[in-house]
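Per-entry structural report
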Amino acid sequence: MPTLMRSTAPSTKEKLVDMQIKTQIKLIKQLETHLDAGTNVDAGGLMLNPANVYADPDLAEHEWNEFFLQHPQVVGLSGELAGPGSFMTIDDLGKPILATRDSEGTFHALVNSCRHRGALVETRERGEEAKSFSCPFHNWTYAPDGSLIGLTKSSHYGQVDTSCLGLIELPSVERDGLLWIHPDPEGLIDVDALLGDELTAEFANWNLDELRYIGGDTYDVKCNWKLAMDTFGETYHFPVLHSETLGLSFHGNVQCYDTFGRNHRMLLCQRAIDEMLKQPQNEWRVTTAGLPVYWIFPNIILMPADSGCYLVGAYPIPGEPNRHISRISFYVWPNVEAGSDFERGLRDVAEGFAEIVRDEDYVQAASQQRSADHGSLEYVVFGRNEPALHHYHSTYRKALGMPPLELVDAEEVPASLNGR
Ligand code: FES
Ligand SMILES: [Fe+2]
């Protein structure tokens, strides 16, 4: 049974001091209190979420325009572009994008459309040490920073100012290990405003820029992208859906929850906390006690663990509200030796984790989608123990100018449902 990246990594202890120690202790004590008292995080009420938000084509189009075409996106971690000449192609955001690191080490997001007649310049998913990118149609050649450095048979083609015909550059920012791009060439990326001071500081403490990319997987799932996000929003399901997998390593029904503007952080509770709590406090580590799960608005889940990190991105498919693409990437901290058996073991664990998401969580998400599609349920009901779902759905509704969801008391739920 694959577990998360808890392991016997060589000297990972130093890496574990990533979240500020006082925050770690505070969160671990919250978990301890819940475990001792048999309680859980409490949103203070329930929430009725209209089931058609997962199926409505107009809402899907609105989301696509506002959250994907017109909103900054985290497209990976710095380790995904390890050195000069590394690149990856992205086709989830309405236009083909070539993300690169140039010879100076600077991150670029380029429209992957040749300035001659528009062919894709690069068709591979990713690569390293590229000195240039040559279009397969007529061999126009671009440097990793996007500038046009080779124009085939220019004496025949015509003398043009090549400085005007570089690949179109999109806004891009690399900050604390996160690679941000904006799909609109006129778009603005203000990371401080997107994350807020507290989460910016917390991410800086994780040293995410040190993570090395070791692989990933992609799933095409018959469910709305928000249902994929929802599966990462509670642990209520762990002892049931994951009883033979993640439930063996995690206490379900115990978690911490904090919001940071439109973003949030959950801390899931690993069973290893039981032994850890017997140790002196200066040996407590948040990644031993739990698994932090960050949600970066609108569609990214980031989970740093003690040997590495997972990043999940969920992407709608325009015109198909009941289908999306999930991309799961795996990274390891630098103390994991490249090419080692240990690294291979971590990759196996990561692949096992992604398969659990695919075979357990996303099976249920597709099942929920059928319910949203047939329309028999007017509402689904988020519990007091699912605050991340409350926040997530209220947040994106507000961002789209829709009324936020309101808390209702448990005893009001049947009446509320019957009355609507
Ligand atoms: S379309 Fe790229 S070189 Fe002609
Ligand atoms: Fe799950």
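In this text, all values refer to a predicted model and were calculated from it rather than measured experimentally.

Attention shifts here to the overall build of the protein chain. Helix and strand counts for the protein chain come out as 11 helices and 21 strands. Here the protein chain has a C-alpha radius of gyration of 23 Å; the compact-globule value for 420 residues is 22 Å, and the two agree. Overall size of the protein chain, expressed as C-alpha extent along the three principal axes, is 80 × 55 × 35 Å.

Attention shifts here to the environment of Glu-202. With respect to the secondary-structure elements, Glu-202 resides in helix 4 (residues 191-206). By C-beta crowding, Glu-202 is classed as buried, having 21 other C-beta atoms within 10 Å.

It is worth spelling out the sheet that holds strand 12 (residues 178-181) at this point. The strand order across the open sheet formed by 3 strands is 2-12-11, and the pairing between neighbours is antiparallel. With partners counted over all chains shown, the strands left at the sheet margins are strand 2 (73-77) and strand 11 (172-175), one partner each. The mean inter-strand angle of the sheet, taken between neighbouring strand axes irrespective of direction, is 25°. Pairing of strand 11 with strand 12 involves 4 bridges; the strand directions are antiparallel. The residue of strand 12 that forms the bridge with Glu-174 is Leu-179.

Before going further, it helps to spend a moment on the domain arrangement of the protein chain. When its domains are assigned, the protein chain resolves into domain 1 (13-66 + 210-413) and domain 2 (73-181). Measuring from the centre of the C-alpha atoms in domain 1 to the corresponding centre in domain 2 gives 33 Å. Facing 10 residues of domain 1, the contacting portion of domain 2 comprises 8 residues. Put simply, the parts of the chain that give the side of domain 1 that touches domain 2 at least two residues each are strand 13 (212-221), strand 18 (308-317) and strand 19 (320-332). With 3 residues, strand 19 is the largest single contributor of residues to the side of domain 1 that touches domain 2. A per-class count over the side of domain 1 that touches domain 2 returns 8 nonpolar, 1 polar and 1 charged.

The next subject is the environment of Ala-366. Relative to the assigned elements, Ala-366 resides in helix 9 (residues 341-374). On the neighbour-count criterion, Ala-366 (17 C-beta atoms within 10 Å) is partly exposed. It is 8.2 Å that separates the C-alpha atoms of Ala-366 and Leu-227, two residues lying 139 residues apart in sequence. Setting aside chain neighbours within four positions, we find Ala-366 in contact with Val-221, Lys-222 and Cys-223.

What follows concerns the pairing of strand 4 (residues 97-101). For a regular strand, side-chain orientation follows a simple rule: the groups alternate between the two sheet faces. Of all 5 residues in strand 4, 5 are buried, a share of seventy percent or more. Of the two faces of strand 4, the one lined by Ile-97, Ala-99 and Arg-101 and the one lined by Leu-98 and Thr-100 are each fully buried. As judged from the 4 bridges shared by strand 3 (residues 87-90) and strand 4, these two strands associate in the antiparallel manner. Along strand 4, the bridge assignment pairs Ile-90 with Ile-97. The sheet contact formed by strand 4 and strand 5 (residues 107-111) spans 5 bridges and is antiparallel. Paired with Thr-100 across the two strands is His-108, which belongs to strand 5. Counting the residues that bridge the hairpin from strand 4 to strand 5 gives 5 residues, and of these Gly-105 lies at a positive phi of roughly 90°.

In this model, Phe-297 is joined to Pro-298 through a cis peptide bond whose omega is 5°. Mapped onto the fold, Pro-298 is located in the loop between strand 16 (290-296) and strand 17 (300-304). Residues other than glycine seldom take positive phi values, yet Asn-139 does so here, at roughly 70°. One can find Asn-139 in the loop between strand 7 (133-134) and strand 8 (141-142). Residue classification places Asn-139 among the partly exposed residues on the basis of 13 C-beta atoms within 10 Å.

Attention shifts here to the nonpolar core. Ranked by size, the top nonpolar core spans 105 residues in total, and within it Leu-31, Ile-97, Ala-99, Ala-228, Cys-309 and Tyr-310 carry the most contacts. Looking at this core, you find at least three residues from each of domain 1 (13-66 + 210-413) and domain 2 (73-181). Excluding its chain neighbours within four sequence positions, the residues that come into contact with Cys-309 are Leu-208, Leu-211, Leu-302, Met-303, Pro-304 and Tyr-331.

This paragraph deals with the sheet that holds strand 20 (residues 379-382). The sheet built from 3 strands is open, its strands ordered 20-1-21 with antiparallel pairing. Whereas interior strands pair on both sides, the edge strands pair on one side only; in this sheet they are strand 20 and strand 21 (407-408).

A word on the environment of Gly-177. Mapped onto the elements, Gly-177 comes out in the loop between strand 11 and strand 12. Here Gly-177 is in contact with Leu-77, Ser-78, Leu-208, Asp-209 and Leu-211, once residues within four sequence places are set aside.

Below, the discussion takes up helix 10 (residues 387-399). With 13 residues, helix 10 extends 18 Å from end C-alpha to end C-alpha; this agrees with the ideal 18 Å at 1.5 Å per step. Burial in helix 10 covers these residues: Pro-387, Ala-388, Leu-389, His-390, His-391, Tyr-392, His-393, Thr-395 and Tyr-396. On its buried side, helix 10 packs onto strand 1 (46-50), helix 5 (225-230), strand 14 (250-260), strand 15 (263-270), strand 16 and strand 20. Just downstream of helix 10 lies Gly-401, where phi reads positive at about 80°.

Reading the values: the criteria
Residues numbered from 1 in each chain as written. Chains lettered and ligands numbered in written order. Predicted model: local features only at pLDDT ≥ 70, side-chain atom pairs only at ≥ 80, totals over all residues. Helix = DSSP H or I, 4+ residues; strand = E, 2+ residues; numbered from the N terminus. Rg over C-alpha atoms; globule rule 2.2 N^0.38 Å. Buried ≥ 20, exposed ≤ 12 C-beta atoms within 10 Å, placed from the backbone. Pairing = 2+ DSSP bridges. Axes fitted to C-alpha atoms, helices over the stretch in contact; angles between N-to-C directions. Domains from an automatic or database assignment. Contact = placed C-beta atoms within 7 Å. Nonpolar A, V, L, I, M, F, W, Y, C, P; charged D, E, K, R; others polar. Core = buried A, V, L, I, M, F, W, Y, C linked by C-beta atoms within 7 Å. Expected span 1.5 Å × (residues − 1).

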